[in-house]
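Here's the letter readout for the chains.
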Amino acid sequence: MSAPSAALQSHDHGAHDHGTAHDHGTAHEHHEPGFFRKYIWSHDHKMIGKQFLVTSLLWLFVGGGLALIVRWQLGWPGEPIPGPLGALVKALWGTDLVDGNLYNMAFTMHASVMIFFVIIPMLVGAFGNFCIPLLIGARDMAFPFLNALSYWFMWPAFILLTWSMFLPGGTGDAPAAGWTSYPPLSAIAGDGQSLWSLGVFFAGGSSIMGAINYITTIVTMRGPGMKFFRMPLTVWAIFITSVLTFLATPVVGSAQILLTMDRLFGSSFFIPTGLLEGNALGVGKHTAHGGGGSVVLYQHLFWFYSHPAVYIMILPAMGFVSDVLAVFSRKPIFGYRPMVYSISGIAGLGFIVWGHHMFQAGMNPALGMTFMLSTMMIALPSAIKTFNWLATLWRGSIRFTVPMCFALAFVSMFVIGGLSGIYMASTPTDMHIHDTYFIVAHIHYVLFGGSLMGAFAATYYWFPKMFGRHMNYGLGYLHFFLSLASFNLTFWLMHVVGLGGMHRRTQNPYDKYVYIDGMLPANRIMTIGAIVLGFTQLIFLFNFFRSMYRGKKASQNPWDANTLEWTAAPTPTPHGNFGPSLPVTHRGPYEYSSPEAGGRDWLPQNEAPPEGAPAAAH
Amino acid sequence: MSPSIRTRAARLLALPALLAAASLLTAGCSGDPLHLMPEAASHEAHQVDELTYLIVWLTIGTFVLVQAVLLWFLWAYRAKPGVRASHTHGNHAVEMVWTITPAAILVFLAVYQMGLWSKMKSTEVPQGIEGRKVPVQIMARQFEWYFRYPGADGQFATADDLVRQGDLVVPVNAVCHAELRSLDVIHSFYLPHFRFKQDAVPGLQTKLWFRPVKLSADREPVKDRLGRLVKLDYWDIVCAELCGNSHTYMAARLYVVSDADFDRYAKGEAIQVDDQKGGKRAIQLAKWDAGAKRGEGAFWTAWSHQDDQTVKGPPKNPKHPFAAKAGEEE
C-alpha cells in the first residue's frame, strides 16, 4: 500500500478540518496563479520558504567573501588580495589592500550578513515556512499575507546593509563597530552605522512576523490527530524558537532605535558624560555637557536579544538533525519527550545567561557569578540532547545518505562547540580567552559546524519535497567531505591561537605583538582552510540550482519516512498541500522498525491502525 | 533495565569518573604541560592555568569519549541486509544517569571556580594578599594607553602627579592596584601573561589589581613568524576590545622591575630598557601638566574634568537650566 493512498483512505475530516485562514481547500488547483502571484508575491508557505532559502543561499556567498577578506589579511598581512576576490574588492572599494577600515567593515558585515541574512532566514524562514504546515497537516500558515510580508520585510534590510557598505566616504563610513555595534564606538561612527541599525530593525521585524505566524499556526492549525506530542522535533524546535524570537527581538529593535537617536537626534542613552568625542577624526571636541547615558545598558539590551538569538540559530538545526537521524537510523528518536523538554530548557535558560558576554565589561563580579552558574547549567540540556542522538544511533540500521552525513557532522561538531563553551562559562578562564580567537572558534563550531551543517542536512533531505527532484549525491558527498575537512582545518587552530592569546578583530596583530607573530604560520593554514571551505560551497550552489531542473525525479517518499510531508502530501505539492481531506495522525513521528509495521521498517503517522488494534501509545 | 544496558551504562560512566580523578591529580603538577598559553607571570595566572587544565582534561576526555562512541555506533550499526533496527523509545534509568553525571560535573566546576573569580575581580585588594601596594590610574583613549602615578603625596588629581604613555612600570611581587578608565570608546585592558582582562568602559571607574611575580627582563624568549627566538624585556598590554580602525596598534608594555628601579622611576628618574634594536632606551615619567603644554589640551582637559567629577563632585555647567544661579552656590 503506498503512503498517499493511505492518506486518501483515512477518515474524511473535510467538514471540519479547515483552518480559519484557508477555506478554499483545492480551489487553487483550478486556476494557476500568474508569474507574479506564484513566484514573487506568493502567499503559499512553500514558495515563501523557497524564497527565503534561495536568498539566504546567495547571501551565504556575500558573507563568505567578506570572511575571506578577513582571512586573507590575517594570513598574508599587507599583501594585495589575489585572484577574482581581489579584483572584485578593488572594483568595489578601489583597493585590494586590507587597511583598518576595510578590515573592520569586512568582519562587521561578515557577521551581520551571516547572522541576519543567512542563518536565521535559512533555518527559521526557509525551513520553518516550508515544514510547519506540511509536518503538522495544515493547508498553509495561519496568516499567509503576514508570511509574505515577513519575507519582503527582509528586502529593506538587504538594501540598507548593502548601501551601508558603499557610501561616498568609502569604507571609512561603512559599519565597522562589529556586529555587536557597541556604543560609544558605534555612536561616533560614520553614516553606514545608521543604515546598519535600520537594516537590523527591518530584519528583526521580519523575524517577529514570522514568529507570530509560526506560533499561531502550530497552536491552532495542527491537523486532526496531531497532538502536541505527536509533532516531529523539527516543529517543536521551530515552535520554541519562535517563542524566543517573539520575546527577544523587540529588545534589540529598541536598542537600535535608541542608538540611532543617540547618533542622529542628540540624545544620550548610551553616551556617558565627559567623553573626548571625535578623537578618531582628529577633531578633539570636548563634550562635557552631553552624556549621562550608560554604555553597559546597550550591552544588556543587545545581549538580551543576541544570546537567545544564538539559540534561535541552533535550535531549529537540532530539530532537523533529530528528524534526519531517526529516519536514517530507522529507529525512533531516543527519549522524544526529554528532547522536547531539553529544547524548552535551553530556551528558558537562554533568557538568563546573556550576562556571560559581559563578564569583563565592568559588570558587578557577583552578578557575573550568577550568570556563570546559569551558563554552566545551560550546557546540561545540550548534553542530554547529544546523548539522546547517540542513543538513537545505538542498535539502529544506519544509512549513510548525504543528509545523514551532514546530520552526523552536526552532532560531532556541536560536541566540540558545546565543550569549548565550558571554557567561557568558567569566569576565571574567560578572563584570558574573552575577545580572543577561542571565542571565534567556539561560535563557528556552533554556527557553521552546527547550524549550517544542520541546514545542509535539511536541504538535502527536503529538496525532493521542495522541487520534486533529488540533488546529485555524488556532488553531495564531495561537498560533505571537503566541507568537514576544510572547516576543521580552518577553525580547530583558532582554539590554539586563542588560548595562546591572539585577540580578535585586529587587522594586523603581528606588528605590535611578537608573541602573536609566532602564530602567523597557523593563521596561514587557517586561511588556506577558509579558501577551500569557501570554494567547496560553490559545489553546493551549483548542485542546488542544477538539481532544481536536471535532478533525478523523486518518488513520493524516497526516504521511507513517516512524517506527513512524505506520506500524505503529493509531490509536487499543490497549493493547499493535501488532497480534499486533511491527513489524520494516528501516532508519533518516529515509529521506525516498529513491530506493528509488519514487513516494512516505517509506519506513516497517518496510516490507520488495523481494525481492533489497541490505540498507539505514542 | 536489561543487563546489557547496565554494563554499557557502567562503561559510559567509568571513563568520565577516571578522567575527573586524573585531572584533579594533574591539576596540581605543572603549569602548562601542553604549552597552550603564553608564559604565566603573575601569581593568579598560575591558578587560572590550573583551572584551565582541569577543564582541558575534562573536555578532552568527554570529546574523545563521545566521538569514539559515535564512530563505534556508526561502524557497528551500519545498515546490513536482513538486520532490523531495534524499536525503543528510550530508557529512563540511562537518561537519568547521563543527566545527573554532567550536572554534577558542571555544578562542581561552577562552585570550584567561584573563589578564584571573586578574588581576581575584587575591586579592592583582597585580604590576605601581602605586598607593596602600588596605585596607578590607567586611562585608555583611541589608540593609546596612559599610566598615571600619584607622585610624592600619594594622592591622584594633584599637581605632582606623573604620567607616561605606552609604558607601565611596576615592582616585582608588588600588588598593583589600578583604576581603569576610558576617555572615548570601550577598550579592554588585557594582560595575556597575567590571564587578566578588564574592559575600560567610558563613564565607569573600574578598580582592578594584579600581582606580577616575574621580572619582565626574565621573560622567556618567544618565537616570531619564522621560528626565531626573540628576547623581550616586557609583558604585553593588549587592547582586546574593538576600538576603531587602529585598534590593532593599541599596544603598551608592562615592565616589571626591581623595587630599587621602581623607586627611581616613580620619582621621575629615567630607567633603561631594551629598545628591541640591540640598544637601550630611557623611559621616564612626565609631569602631569606637561601634556597641556604640549598642545594636547582637549585630552588633558577631558581627563582633568573626569578628575573633577570623581574628586570634586559632579560637573558644574553654568549654562545648564538646572545649574545653581551665581551666588547660590555653596
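Residues numbered from 1 in each chain as written. Chains lettered and ligands numbered in written order. Predicted model: local features only at pLDDT ≥ 70, side-chain atom pairs only at ≥ 80, totals over all residues.

A. Main features of the overall build of chain A. Secondary structure summary: chain A contains 21 helices and two strands in total. C-alpha extents for chain A along the principal axes are approximately 85 × 50 × 45 Å. Burial analysis of chain A (618 residues in total) assigns 63% to the buried set. Nonlocal contacts in chain A, meaning residues at least 24 apart in sequence, comprise 81% of its contacts between residues at least 6 apart. (Helix = DSSP H or I, 4+ residues; strand = E, 2+ residues; numbered from the N terminus. Buried ≥ 20, exposed ≤ 12 C-beta atoms within 10 Å, placed from the backbone. Contact = placed C-beta atoms within 7 Å.)

B. The arrangement of the overall build of chain B in detail. A count of helices and strands for chain B gives six helices and 15 strands. Of all 330 residues assigned to chain B, the portion counted as buried reaches 36%. Residue pairs at least 24 apart in sequence account for 62% of intrachain contacts in chain B once pairs closer than 6 positions are excluded.

C. Molecular detail of the confidence of the model for chain B. Residue and element names in this part refer to chain B. This prediction gives chain B a mean pLDDT of 84; 81% of its residues lie at or above 70. Counted against residues more than four places away or in other chains, residues 326–330, with its pLDDT under 50, gives one contact. For this predicted complex, the interface score ipTM comes out at 0.88, alongside a pTM of 0.90. (pLDDT = per-residue confidence, 0-100.)

D. Representation of the packing of helix H10 (residues 295–312) of chain A against helix H12 (residues 336–350) of chain A within the structure. Residues and elements named next belong to chain A. The interhelical angle for the contact between H10 and H12, taken along N-to-C directions, is 165°, at an axis separation of 9 Å. Taken together, the axes of H10 and H12 lie roughly antiparallel to each other. In this structure, H10 crosses over H12, and the sense of that crossing is right-handed. Contact with H10, carried on its side by His-307, Pro-308 and Tyr-311, involves Ile-346, Ala-347 and Gly-350 of H12 and no other residues of that element. Looking at the contact of H10 with H12 residue by residue, the classes come out as four nonpolar, two polar and no charged. (Axes fitted to C-alpha atoms, helices over the stretch in contact; angles between N-to-C directions. Parallel < 35°, antiparallel > 145°, perpendicular 65-115°, else oblique. Left-handed = near helix turned anticlockwise from the far one by under 90°. Nonpolar A, V, L, I, M, F, W, Y, C, P; charged D, E, K, R; others polar.)

E. Spotlight on the sheet that holds strand S1 (residues 133–141) of chain B. All names here are of chain B. Read from one edge of the open sheet, six strands run S8-S5-S1-S2-S3-S15, paired in mixed fashion. Each edge of the open sheet carries a strand with a single partner, namely strand S8 (206–210) and strand S15 (286–287). Strand direction decides the pairing type here: strand S2 (residues 144–149) and strand S3 (residues 162–165), joined by four bridges, are antiparallel. Each bridged residue has a counterpart across the sheet, and for Tyr-149 the counterpart in S3 is Leu-162. (Pairing = 2+ DSSP bridges.)

F. Focus on the sheet that holds strand S12 (residues 251–257) of chain B. All names here are of chain B. Overall, mixed pairing links the five strands, which are arranged S4-S12-S11-S6-S7 in an open sheet. At either margin of the open sheet sits one strand with a lone partner, and together these are strand S4 (167–171) and strand S7 (196–200). Direction aside, the axes of adjacent strands within the sheet are offset by 20° on average. Pairing of strand S11 (residues 235–239) with S12 involves four bridges; the strand directions are antiparallel. Its bridge partner being in S12, Asp-236 is matched across the sheet by Arg-253.

G. View of the domain arrangement of chain B. All names here are of chain B. Assigned domains of chain B: these are domain 1 (3–76 + 94–120) and domain 2 (133–312). Tallying the contact residues gives nine residues for domain 1 and 12 residues for domain 2. Considering only residue class, the side of domain 1 that touches domain 2 consists of five nonpolar, two polar and two charged. (Domains from an automatic or database assignment.)

H. Structural context of the interface of chain B and chain A. In this assembly, 89 residues from chain B lie in contact with 97 residues from chain A. For the side of chain B that touches chain A, the secondary-structure elements that each account for two or more residues are helix H2 (43–76), helix H3 (92–120), strand S6 (187–191), S7, strand S9 (222–223), S11 and helix H6 (297–312) of chain B. Top element by residues in the side of chain B that touches chain A is H3(B). It accounts for 14 residues. A per-class count over the side of chain B that touches chain A returns 48 nonpolar, 27 polar and 14 charged.

I. Local environment of the environment of A:Ser329. With respect to the helices and strands, the residue A:Ser329 is situated in helix H11 (residues 315–329). A:Ser329 sits 103 residues away from A:His432 along the chain, and the two C-alpha atoms are 42 Å apart. Setting aside chain neighbours within four positions, we find A:Ser329 in contact with A:Thr392, A:Leu393, A:Gly396, A:Ser397, A:Ile398 and B:Ala85.

J. Structural detail: the packing of helix H17 (residues 473–499) of chain A against helix H20 (residues 520–550) of chain A. All names here are of chain A. Here H17 crosses H20 at 155°, and the two axes come no closer than 8 Å. On the basis of the axis angle, H17 is roughly antiparallel to H20. Relative to H20, H17 is oriented so that their crossing is left-handed. Of the residues belonging to the contact of H17 with H20, the class tally is 17 nonpolar, eight polar and no charged.

K. Fine view of unusual backbone geometry. A cis amide bond links A:Pro183 with the next residue in sequence, A:Pro184, at an omega value of 5°. Note on placement: A:Pro184 falls in the loop between helix H7 (154–164) and helix H8 (192–220). Looking along the chain, the bond that leaves B:Gln142 and enters B:Phe143 is cis, with omega of -5°. Along the chain, B:Phe143 turns up in the loop between S1 and S2. Phi is positive for A:Arg330, close to 55°, though the residue is something other than glycine.

L. Molecular detail of the confidence of the model for chain A. Residue and element names in this part refer to chain A. For chain A, the average pLDDT comes to 89, and 91% of its residues sit at 70 or higher. Every residue in residues 1–29 is under pLDDT 50, and counting partners more than four places away or in other chains gives 57 contacts. Low pLDDT, under 50, characterises residues 278–289; the stretch is placed with 25 contacts to residues that sit more than four places away or in other chains.

M. The arrangement of the pairing of S2(B) in detail. Residues and elements named next belong to chain B. Here S2 lies mainly inside the structure; five of its six residues are buried. With five bridges connecting them, S1 and S2 associate as antiparallel partners. Its bridge partner being in S2, Ala-140 is matched across the sheet by Trp-145. The turn linking S1 back onto S2 is made up of two residues.

N. Up close: H3(B). The end-to-end C-alpha separation of H3(B) is 42 Å, in line with the 42 Å expected for 29 residues at 1.5 Å each. The sharpest bend along H3(B) measures roughly 35° and falls at B:Met114. (Expected span 1.5 Å × (residues − 1). Bend = angle between axes of the 7 residues up to and from the residue.)

O. Local environment of the nonpolar core. Counting 288 residues, the largest nonpolar core has A:Phe406, A:Phe410 and A:Ala457 as its most contacted members. Per-domain counts for this core show at least three residues from each of domain 1 (3–76 + 94–120) and domain 2 (133–312) of chain B. (Core = buried A, V, L, I, M, F, W, Y, C linked by C-beta atoms within 7 Å.)

P. Summary view of the environment of B:Ala282. Note on placement: B:Ala282 falls in strand S14 (residues 280–283). With 62 residues separating them along the chain, B:Ala282 and B:Glu220 place their C-alpha atoms 22 Å apart.

Q. Quick look at the pairing of S12(B). Residue and element names in this part refer to chain B. Counting buried positions along S12 gives five out of seven residues, so the element sits mostly inside the fold. Of the pairings in the sheet, the one linking S4 to S12 comprises five bridges and is parallel in character. From the neighbouring strand, Val-169 faces S12, where its bridge partner is Tyr-255.

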